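# Commentary on secondary and tertiary structure
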Amino acid sequence: MDLSITKIVYCSHGFRPTYNIWWEEERYTDGVKWKFLEHKGPVFAPPYEPLPSNVKFYYDGKHMKLSPQAEEVATFFAKMLDHEYTTKDIFRKNFFKDWKKEMTSEERSKITDLKKCNFTEMSDYFKAQAEARKSKTKEDKLEENERMLQEYGFCVMDNHKERIANFRIEPPGLFRGRGDHPKMGMLKRRIRPEDIIINCSKDSKHPVPPPGRKWKEVRHDNKVTWLVSWTENIQGSIKYIMLNPSSRIKGEKDWQKYETARRLKKCVDRIRNQYREDWKSKEMRIRQRAVALYFIDKLALRAGNEKEEGETADTVGCCSLRVEHIKLYPENDGQEFVVEFDFLGKDSIRYYNKVPVEKRVFKNLQLFMENKEPDDDLFDRLNTSILNKHLQELMDGLTAKVFRTYNASITLQQQLKELTNVEENIPAKILSYNRANRAVAILCNHQRAPPKTFEKSMQNLQTKIDAKRDQLADAKRELKSAKADAKVRRDEKSKKAVETKKKAVQRIEEQLMKLEVQATDREENKQIALGTSKLNYLDPRISVAWCKKMGIPIEKIYNKTQREKFAWAIDMAEEDYEF
DNA sequence: GGGGAGACTTAGTAAGCATCTT
DNA sequence: AAGATGCTTACTAAGTCTCCCC
């Protein structure tokens, strides 16, 4: 079955007629997302397999056979024993509470203290199993995965066969929130067919539930993009199965996102003038709105919706900043009007920044903080809905996050212009690209945990560099003596020898440069994640155009997945593309 | 306008896998 | 062949924003 409209797409490896060329098709305008949708439904988590009888659980030093339900939940904990989570009080408390709910009344009366539970045999058993799975022939694993992918990993949406992003239902386990999450350790329950809502078109072959089972509902809503949904039990939120980023439905939206950001580029000056005016407004709400917008624009802060207290980790964005999250310095390190930000943002990633701001902003902040407690809202007359309503009036489709997209993309474009030189060689250009990418990642505060092996791998690289330096010195010495030799002998053979040595020196110099560049790049990247901005904030057409201008194969910048996601941009953007 | 449901994007981590070293 | 290393992919949590109801 091949319903895709494909076109021969040229890439530097040759011709590959692989993509759906959805970007040359007409688009829906009326909120309709598709006319035909057919899929096979989700893949459920494998059923629980009770432990073999030799793998024992001990309570207070004594062997205890657990009921299957209680045992399953115990295995979730056992599997995480090596993780720091299991040492945290909240995690243990939440787990124990939910575990007890799964016990028989007899078990419940016996098992009263988590500290007295010994899961080590279970834990060892799972480690051994993981080991065994590793050594299982590669073909077995691959084949199984591939079979599932072929069977469940695709759907037909309109005239395209599309890849599904997540066709497997999340297996049961213990909830792992990020940061200080009040619900960490709670039992994430197993999802059954009866929990599942299927979305597909009426005239499609509907997915079939497992034998003897039923779906919760089958609906035919073509105003939404999801294929399957269920309600999760930790926060009560809805989870979805949706399409891969390479799909038409995702790609179109992504493209549209960058087009909105480009429209902002056209009117951003006007908007900036406007909010600067608003700093002087008589009305408090307008001043607050204007200062918040300034932060969102200048610092690429997120909007900051309010969150239900006690349901999630305590994190904030711009509109939900509290007095305790900023400090004002009339003077700091020779700069005037410095604001120090220190708060936990999305995923409990710390945002720390000291920035000089305009005097008016500074004065306003002082005013906003007057007579407030540390845990009071900084912008008490503002929330994201007020802010976005205002933005909508300034430009059609404008919301807070458009500023992040706009500032990220424009920064990349500027940095690429500034940093790259057509004359340089490919590794130098790629270093420059990464640096431009890095500037954006820093702006957006995209962090990562430094890789566990970072120090060591850095040392190894340094060793290599040192060795290469020695090698270069040797080669230079040899070249020198060859030259001297040629001067004396004046024959063809020794002239040739000089040429060979020269080439060798050149080659080694290049290799050395490459290694040094690699070291710089890696060092600068230690705690910074480039992937997030590359995937979500940077208009891919900027990168494609840059590659064309600089003679860099696109494969050096985008890996296979990224090329699939950005196929539209790779096909469309010419070297003169301007964001 | 306030609150909640719903839909969709953005995010970091860890497992999986490929490749390079020893 | 095994082990180290580094990149890719899968996973799923945590955001944003819209819409609807009151």
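Residues numbered from 1 in each chain as written. Chains lettered and ligands numbered in written order. Predicted model: local features only at pLDDT ≥ 70, side-chain atom pairs only at ≥ 80, totals over all residues. Heavy atoms only, no water.

### Let's talk about the overall build of chain A
Per the secondary structure count, chain A includes 17 helices and 17 strands. Projected onto its principal axes, the C-alpha coordinates of chain A cover approximately 100 × 70 × 55 Å. Expressed as a percentage of its 579 residues, the buried residues of chain A come to 44%. Counting every atom, chain A has about 32,600 Å² of accessible surface; 49% of that belongs to carbon and sulfur. (Helix = DSSP H or I, 4+ residues; strand = E, 2+ residues; numbered from the N terminus. Buried < 20%, exposed > 50% of the residue type's maximum accessible area, 1.4 Å probe, protein only. Areas by Shrake-Rupley, 256 points an atom, 1.4 Å probe, with all protein chains shown as cover.)

### A short note on the nonpolar core
If you look at the biggest cluster of nonpolar residues, it comprises 80 residues, and the most contacted ones within it are Leu-264, Phe-295, Phe-341, Leu-365 and Phe-379. Residues within four places of Leu-365 in sequence aside, it is in contact with Val-291, Phe-295, Ile-326, Leu-328, Val-339 and Leu-378. (Core = buried A, V, L, I, M, F, W, Y, C linked by side-chain atoms within 4.5 Å. Contact = heavy atoms within 4.5 Å.)

### A look at the protein's contact with DNA strand B
Taken together, 28 residues are adjacent to DNA strand B, and Lys-250, Lys-346, Arg-404, Thr-532 and Tyr-537 come closest. Per the 4 Å cut-off to the protein, sugar and phosphate atoms form 88% of the nearby atoms of DNA strand B. A distance of 2.9 Å is found between a phosphate oxygen of DNA strand B and a side-chain nitrogen or oxygen belonging to Thr-225. Residue Thr-532 places a side-chain N or O atom 2.8 Å away from a phosphate oxygen belonging to DNA strand B. Of all elements in the fold, only helix H5 (138–152), strand S14 (238–241), helix H6 (248–278), helix H10 (400–419) and helix H14 (531–536) reach the threshold of two or more residues within the surface near DNA strand B. The dominant element in the surface near DNA strand B, judged by the number of residues it contributes, is H6, at three residues. (Near = heavy atom within 4 Å. Polar contact = N/O pair within 3.5 Å; in protein donor to acceptor, adjacent residues only side chain to side chain.)

### Let's talk about the pairing of strand S7 (residues 154–157)
As paired strands, strand S3 (residues 37–38) and S7 are joined by two bridges and run antiparallel to one another. Paired with Leu-37 across the strands is Met-157, a residue of S7. With four bridges joining them, S7 and strand S8 (residues 160–163) adopt antiparallel strand pairing. Bridge pairing links Met-157 to His-160 in S8. Turn length for the S7-S8 hairpin, with the two strands adjacent in sequence and antiparallel, is two residues, and the turn residue Asp-158 shows positive phi of about 50°. (Pairing = 2+ DSSP bridges.)

### Focus on the pattern of salt bridges
Taken as a whole, this structure holds 34 salt bridges when the rule is applied. When the shortest N-O distance is used, the salt bridge between Glu-151 and Lys-40 registers 3.7 Å. A residue pair is termed long-range when its members are at least 10 positions apart, and Glu-151 in helix H5 and Lys-40 in the loop between S3 and strand S4 (57–59) qualify at 111 residues. With a relative accessible area of 37%, Glu-151 lands in the partly exposed category. Between Arg-285 and Glu-283 there is a salt bridge, with the nearest N and O atoms lying 2.9 Å from each other. Salt bridges sharing common partners tie together Glu-259, Arg-262, Asp-539 and Arg-541. (Salt bridge = Lys/Arg side-chain N within 4 Å of Asp/Glu carboxyl O.)

### Overview of the packing of aromatic side chains
Taken as a whole and judged by the stated rule, the model has 28 aromatic pairs. Summarising the aromatic geometry, the rings of Trp-22 and Trp-255 are spaced 6.3 Å apart at their centres and angled 50° between planes, so their arrangement reads as tilted. Of this pair, Trp-22 sits in the loop between strand S2 (14–16) and S3 while Trp-255 sits in helix H6, and the two are 233 residues apart along the sequence. Accessibility assignment for this pair places Trp-22 and Trp-255 in one class, buried. Ring geometry for Trp-226 against Tyr-240: centres 5.7 Å apart, planes inclined by 45°, an arrangement best described as tilted. (Phe/Tyr/Trp six-rings, centres within 6.5 Å; stacked < 30°, edge-to-face > 60°.)

### Quick word on the protein's contact with DNA strand C
Close to DNA strand C lie 31 residues, the nearest being Arg-178, Lys-239, Gly-304, Lys-401 and Thr-561. At the protein interface, 89% of the atoms of DNA strand C within 4 Å belong to sugar or phosphate. Between DNA strand C and Lys-188, the relevant distance is 3.0 Å, taken from a phosphate oxygen to a side-chain nitrogen or oxygen of the residue. Secondary-structure elements contributing two or more residues to the surface near DNA strand C are H10 and helix H12 (454–489). Residues belonging to the surface near DNA strand C are distributed by class as follows: four nonpolar, 13 polar and 14 charged. (Nonpolar A, V, L, I, M, F, W, Y, C, P; charged D, E, K, R; others polar.)

### Quick look at the sheet that holds strand S13 (residues 228–231)
A sheet is described by the order of its strands in space; here four strands give the open sequence S12-S11-S13-S14, paired in mixed fashion. Pairing within the sheet leaves two strands with one partner each, and these edge strands are strand S12 (217–219) and S14. Across the sheet, the mean angle from the axis of one strand to that of its neighbour is 20°, orientation sign disregarded. Note: strand S11 (residues 197–199) against S12, three bridges, orientation parallel. Following the sheet pairing, Asn-199 is matched in S12 by Arg-219. (Axes fitted to C-alpha atoms, helices over the stretch in contact; angles between N-to-C directions.)

### Considering the state of the cysteines
Scanning the model with the defined rule gives zero disulfides in all. Not engaged in a disulfide, the cysteine Cys-318 finds its nearest cysteine sulfur in Cys-319; these two sulfurs lie 5.2 Å apart. (Disulfide = S-S within 2.5 Å.)

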